Amino acid sequence: MAATSSLFSEDQCPCSICLGNAQCQRPRCEELSDKQPELQVKTLRSQPAAQFRQSVQKKISSSSEQEEEKEEVVLCDVCDETKLKALKSCLVCLTSYCETHLELHQKITVMTRHKLIDPVKNLEDRMCKKHDRPLELFCKTDQMCVCQSCAESDHKLHHIVPMIEEYEGKKAELGKTETDVQQMIEERRLKIQQIKQSVKFSKEDADRETAANVQVFTDLIQSVERMEQLLRTEDHLKFLQSFSSLNPAPPTKDWTDIRVQSSYEETVRRAVAQLKDTLSKELEKLRVHFELRRVQQYAVDVTLDPDTAHPYLILSDDGKQVSHGDVKQILPDNPERFSSALGVLGKQRMSSGRFYFEVQVKEKTDWILGVSRESINRKGYFMLSPENGHWTVGLMKGNEYKALAGPSVCLPLRSKPEKVGVFVEYEEGLVSFYDVNAVALMYSFTDCTFTEKLCPYFNPSHNADGENSPPLIICPVSNTS
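Residues numbered from 1 in each chain as written. Predicted model: local features only at pLDDT ≥ 70, side-chain atom pairs only at ≥ 80, totals over all residues. Heavy atoms only, no water.

A. Representation of the pairing of strand S8 (residues 321-324) within the structure. In this sheet, S8 lies alongside strand S7 (residues 313-315) in antiparallel orientation, the contact comprising 3 bridges. Following the sheet pairing, Leu-313 is matched in S8 by His-324. Turn length for the S7-S8 hairpin, with the two strands adjacent in sequence and antiparallel, is 5 residues, and the turn residue Gly-319 shows positive phi of about 70°. Relative to strand S19 (residues 472-475), S8 runs antiparallel, the two sharing 2 bridges. Counted as the bridge partner of Val-322 is Leu-472 from S19. (Pairing = 2+ DSSP bridges. Helix = DSSP H or I, 4+ residues; strand = E, 2+ residues; numbered from the N terminus.)

What follows is the structure, encoded as structure tokens:
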């Protein structure tokens, strides 16, 4: 095969992008090829975790053999007859090149500026479908890969970072999680050894319990394998796109308090149930963590509207705090003011987009907050419900958390919120409430129909002779760490 240096010179190439390469896949190139290049990312497989090799060897080996059969080598798109193995893929030409055909990209001035990566399949997936530019950036606000044109238009006000920066950060996070789960597996292996050594049980019991629990450990080991596989890839785009769908393993949990009991079966059964429950909880917590960080990007500066406050409510001078007072104030009975419900609205009115704010409810025994339609009834008593234009949650009687959904929905929270985040996505009809400190979703109103402006709603409730005297405080928003 002739060297590429003899094929073209700079002044002979009609296109400044592909330099006359017949395999170039760029839509704006005048010489499009009818043949799409076939590229594939090599699948990296990690070794089975040694701790439970004997229990899951057959299942993992079978899965590994199937993966090996699917592996393919990425071939050069330019070779005519015998196609050689590709050395690099070009994000500008959307073509994969062997060592010989790659020489053009090393010798021709214009092509030396092309973006080269390790050979991969489906190069067109790495280009922005809207702007035909490489996906080289990452939008932390929307958690998606974008191109430079996206960053300058649709994502102009979002938090944009280089893809390599987000890749390194998430890779470090995944590495720590993998270390934690490996330690957890080792602790459980040692504890099970202690159980086997301390308790005399029949071979039938051991086989029955092993068969019942091997699937759980298999899933755990495969989770580690997926993490190890993702950690080894240098493909930034594939890593970030796969990260969100990865099932994270639970962090290390202390098993030192588990004691050997008379029944081996019951001990192992409880341990496995605990492991499955921990995995589920940690997965949900990680999901909410990233979700909360995303919605905090839409924080707005909310202040209280004194013209709407009930006469018994006391507002701070800066409009950020409200509490119930013992003396009714003499105030104008304007149409906007609440006359019965101990409510006050925020000055801000939202009729589109997304917005988020946080309220401190620490040390209070009763409170209600959320959002309301601007046209809600302010006079007399009324029920707080979506039907009446209110999307709220609250605390009643010191320990009853409820979503006032008409009828109310009890919220089984694991901890007592000290700061509550309120997020509204107007067009999607969504109102969500978060326990900011616990990084947990409290409740979401979904499929809401908004037809007019929405206002933040606050109700500090009666002070109960001082027991509920702390104010509701609108707090500045800082991203969850």
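B. Summary view of the nonpolar core. Counting residues in each nonpolar core, the largest one holds 35 residues, and the members touching the most others are Trp-367, Phe-433 and Phe-458. By size, the runner-up hydrophobic cluster in this structure holds 22 residues, among which are Leu-135, Cys-145, Cys-147 and Ala-151. (Core = buried A, V, L, I, M, F, W, Y, C linked by side-chain atoms within 4.5 Å. Buried < 20%, exposed > 50% of the residue type's maximum accessible area, 1.4 Å probe, protein only.)

C. Fine view of unusual backbone geometry. Cis geometry marks the peptide bond from Gly-406 to Pro-407, where omega comes out at 5°. With a phi close to 55°, Leu-94 is a non-glycine residue in the positive phi region. Take Leu-94: it is sitting in the loop between strand S1 (88-90) and strand S2 (95-97). Residues other than glycine seldom take positive phi values, yet Asp-132 does so here, at roughly 60°. In this structure, Asp-132 sits in the loop between strand S3 (116-117) and strand S4 (137-139). The class for Asp-132 is buried, based on a relative accessible area of 15%.

D. Up close: the environment of Ile-473. Following the sequence through the fold, Ile-473 ends up in strand S19. For Ile-473, a relative accessible area of 19% gives the class buried. Spatially, the C-alpha atoms of Ile-473 and Gln-360 are 5.0 Å apart, while their sequence positions differ by 113 residues. Leave out the neighbours within four places in its chain, and Ile-473 touches Lys-320, Gln-321, Glu-358, Val-359 and Gln-360. (Contact = heavy atoms within 4.5 Å.)

None of this, on its own, says anything about what the molecule does.
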